[in-house]
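Report on the structure
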Amino acid sequence: MTRRTGFAVGLRETLYNLTMRRNSVYVTFLVIGGFAATKFMGAASDYVWETYNKGKLFKDLEKSLAAREE
Amino acid sequence: MKTAYWRPTWGLIHQLYIRTTSRIPNQSRLGSQTSTLQRSLLALSSSQQEQGSSGSRQSHSFSSFPSIAAAVFATIYMTCPILKADDETLEPPKYPWNHSGPLSSFDAAAIRRGHQVYKNVCASCHSMESIAYRNLIGVAYTEEEAKAMAEEEEVEDGPNEEGEMFTRPGRLSDHFPAPYPNDEAARYANSGALPPDLSYIVKARHHGEDYIFALLTGYRDPPEGVNIREGLNYNPYFTGGQIAMARALYDGAVEFDDGTPATTSQMAKDVVTFLAWASDPHQDERKKMGVQALFTLSVLFLFALYSKRLRWSLYKSRRIEFRDM
């Protein structure tokens, strides 16, 4: 057996064995992974945006408008 | 902004620097991978050129007087707005707009107040024909509020079946009403001056928000000896110093529905935020996408680095021999 070297060897090995042995599995992994990644990315950037701009966004304005109605 | 005199630019400073420093081709930068053949070739070429204009360069120290003088002048010039001033025009100061940063959104409450200032103060002379009432939904007003505002306006609509034009209450899809039917009417009502359309004004002026804010709050008495033509007003931030628009913002001119005290600077700040939104309504979405793009690209960059190193490992670890035949 060849000796695997470098960083995170175990992670790379498992990733390869799980997804990259057959091309059909690889393509499925890419499609599902891409979908999941964009979802995660959207949620993460929305969270960052809303936390950084707390109080300035329209949803905050709507809340204060509704409070003003009462 | 065109100026009557010649202004030194960075390109000129760079030329000054290049032409005043001596250049020596640098051999010490070559690594151990160059062969003796390559090194002897380089030595041949460098002996043939003295102040070489091609090949690798390493400049002498930066200590020549003209380049230092140019660098000092450039620094002072860039940091002191007063030096850039024309005879009559003053450059606006930089204000800390809270939508300026790469992650900063517009302030929705400020856009709302700014629209109220526009409607009550500015709309009597300035049109804003690119903005429709529906653009305000989800930005500064709810759908019901926007609809109510639109219905307050009477809009002239196309010929009916009888061929006559008719007026109807406004809809969400209607654009902001123009105060004058055409430019000539606008000029006639404003002693020959045309109040510009404000839809993209922040993009259409140098220093955008800073300029508009400084202009609106910058009305003052002209200094001694400066004569203002009849009908014009003095404003140091306007090119030439004489602007046709009179001061429009006074304390308490508008009553805000959220109770914010309507001082001149408050109204100016809010209306400039509104105008900045009108000039760039997709700024928030663009900034969000920018953050996502930067993040994705940096992850992909790491993969690209690894991939490149993997492919190049063959060539980085090979050995080339030159043999005398």
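Source: prediction; values computed, not measured.

**Structural notes on the UniProt feature "transmembrane region" (unreviewed entry) in chain A**
Mapped onto this numbering, the UniProt entry annotates "transmembrane region" (unreviewed entry) at residues 25-49 of chain A. A distance of 35 Å separates the end C-alpha atoms of residues 25-49 of chain A, which is 100% helix and 0% strand.

**Side note on the interface of chain A and chain B**
Taken together, the contact between chain A and chain B spans 17 residues of the former and 24 residues of the latter. Summing both partners gives a buried area of about 1,700 Å² for chain A against chain B, and 66% of it is carried by carbon and sulfur. Together, Trp49, Lys56 and Phe58 of chain A form the three largest contributors to the area buried by chain A at its contact with chain B, with a combined 40%. Run the count over chain A and chain B and you get two salt bridges. One salt bridge connects Lys288 of chain B with Asp46 of chain A, and the closest N-O pair in it is separated by 3.2 Å.

**Describing the pattern of salt bridges**
When their charged atoms lie close together, side chains carrying opposite charge are able to pair. One pass over the structure, following the stated rule, counts 15 salt bridges over all chains. Glu50 of chain A is the salt-bridge partner of Lys59 of chain A, the closest N and O atoms lying 3.5 Å from each other. By relative accessible area, which is 45% here, Lys59 of chain A ends up partly exposed. Since its relative accessible area comes to 32%, Glu50 of chain A is described here as partly exposed. Glu321 of chain B is the salt-bridge partner of Arg323 of chain B, the closest N and O atoms lying 3.1 Å from each other. Classification of Arg323 of chain B by relative accessible area gives exposed; the value is 62%.

Scoring rules and cut-offs
Residues numbered from 1 in each chain as written. Chains lettered and ligands numbered in written order. Predicted model: local features only at pLDDT ≥ 70, side-chain atom pairs only at ≥ 80, totals over all residues. Heavy atoms only, no water. UniProt positions renumbered as here; feature names shortened; annotations may be inferred. Helix = DSSP H or I, 4+ residues; strand = E, 2+ residues; numbered from the N terminus. Contact = heavy atoms within 4.5 Å. Buried area = accessible area lost by both parts, 1.4 Å probe. Salt bridge = Lys/Arg side-chain N within 4 Å of Asp/Glu carboxyl O. Buried < 20%, exposed > 50% of the residue type's maximum accessible area, 1.4 Å probe, protein only.

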